[in-house]
Amino acid sequence: MDLSQNIQAVQKKIAAAARAAGRDPAEITLCAATKTQTDDTIRAAIAAGIRLCGENRVQELTAHLEANAYAGAEVHFIGHLQTNKVKQVVGRVSLIHSVDSERLLRAVAAQADKLGLVQDILLEVNIAGEESKGGVLPEDLPALAELAQNFACVRLRGLMAIPPVSTVSGSNRKYFSKMRNLFVDIMKKMSDNYPIMDCLSMGMSADYEDAIAEGATLVRVGTALFGPRPAMGTAR
Ligand SMILES: *Cc1c(COP(=O)(O)O)cnc(C)c1O
């Protein structure tokens, strides 16, 4: 496996998918999903051009931060976040993708307030209504977005979704399209003076091109960059 070649190949496909959709490739950010990767692999990815890493476990985030493994890149938190772990995440990442309940929103806001900073967040949507998954249901999204607007120490930047694993090419397009519609609706509902919502985080290795066709501004890619992960401990 050649990390640098993989990164270039993914970047090319992102650009091609953007152009095919009549979009500017610069609108789309590649987030390297670094779960299970070592400090050295993360450093190698950054040396090869990765500018944003996404972590989905608090423990891994903390360890990589301590090792200064992300130097030269930004870090986002993309995994499920438990309320009792917000202290280890707020203020340490530039964006939290996975706020999905009033309780978590309040905990993030309280910690940001305590630290005297503004935490950028996305609201995670359970777009396919899967019982096993985190995310706010589409019908509960407007209320949560409205609540998020009321906290001075939290800035809502957009939405995120993890649809079912793509089996057939194109199988998640309907979910990506629904996400785009929700994103547009929520943007319209935000008050006029609210800072711009500019992030629609959707698409993974198997389906990021479809996500881009449907309006993704950030794609989270792991396997296509780093190769298959070890089976153990990869479940979300
Ligand atoms: C692991 C992970 C990804 C990347 O998955 P791949 O299929 O390996 O590209 C994206 N988003 C989240 C939240 C993840 O946990």
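First, a word on scope: everything that follows refers to the structure included in this document. Just so you know, the residues in each chain are numbered from 1, in the order the chain's sequence is written. Where totals are concerned, whole chains, interfaces and linings use all residues; where local detail is concerned, this predicted model gives features only for residues with pLDDT of at least 70, and gives and counts side-chain atom pairs only at 80 or more. Water and hydrogen atoms play no part in the side-chain values, which are based on all heavy atoms of the structure.

**Section: the site of the ligand**
In step 1: Every one of the 13 residues lining the ligand counts as a neighbour, but Lys35, Asn56, Ser205, Thr223 and Arg229 are closest to it.
In step 2: What qualifies as a polar contact is a pair of N or O atoms within 3.5 Å, subject to a donor-acceptor requirement within protein and to the restriction that residues adjacent in sequence count only when both atoms come from side chains. Lys35 places a side-chain nitrogen or oxygen 2.7 Å from an oxygen atom of the ligand.
In step 3: Ser205 places a side-chain nitrogen or oxygen 2.5 Å from an oxygen atom of the ligand.
In step 4: A 1.4 Å probe and the Shrake-Rupley method give the accessible areas. Residues count as covered only by the protein chains that appear here. A total of 390 Å² of accessible area belongs to the ligand in isolation, and the protein chains cover 93% of it.
In step 5: Of the residues assigned to the shell around the ligand, the class counts are 5 nonpolar, 4 polar and 4 charged. Here a residue counts as near a molecule or strand whenever at least one of its heavy atoms sits within 4 Å of it. When residues are sorted by character, Ala, Val, Leu, Ile, Met, Phe, Trp, Tyr, Cys and Pro go into the nonpolar class, Asp, Glu, Lys and Arg into the charged class, and all the rest, Gly among them, into the polar class.

**Side note on the packing of helix α5 (residues 141–149) against helix α6 (residues 173–189)**
In step 1: Running from N to C, α5 and α6 cross one another at 45°; their axes reach a closest spacing of 10 Å. One way to sum up the angle between α5 and α6 is to call them oblique. Considering only the axes of α5 and α6, their crossing is right-handed. Of the residues in α6, those touching α5 at Leu141, Pro142, Ala145 and Gln149 are Leu182, Ile186 and Lys189. Axis definition: a line fit to C-alpha positions, over the contact stretch in the case of helices; interaxial angles, taken between N-to-C directions, run 0 to 180 degrees. Every helix listed is a DSSP run of H or I at least four residues long, and every strand listed is a run of E at least two residues long, numbered separately from the N terminus. Roughly parallel here means an angle under 35 degrees, roughly antiparallel means over 145, roughly perpendicular means 65 to 115, and every remaining angle is called oblique. Crossing handedness: left-handed means the near helix sits turned counterclockwise from the far one by under a right angle, and right-handed means the same turn made clockwise. A contact between two residues is defined here by any heavy atoms of the two lying within 4.5 Å.

**Let's talk about the state of the cysteines**
In step 1: The term disulfide is used for any two cysteine sulfur atoms that are within 2.5 Å. Here the structure, examined in full by the defined rule, presents 0 disulfides.
In step 2: Free cysteine: Cys31, not disulfide-bonded; nearest cysteine sulfur from Cys53 at 7.2 Å.
In step 3: Throughout, exposure labels follow a simple rule: accessible area from a 1.4 Å probe, protein chains only, divided by the maximum for the residue type, with under 20% read as buried, over 50% as exposed, and the rest as partly exposed. Of the residues examined, Cys31 reaches a relative accessible area of 0% and is grouped as buried.
In step 4: For Cys199, which is in no disulfide, the shortest distance to another cysteine sulfur is to Cys31 and amounts to 9.2 Å.

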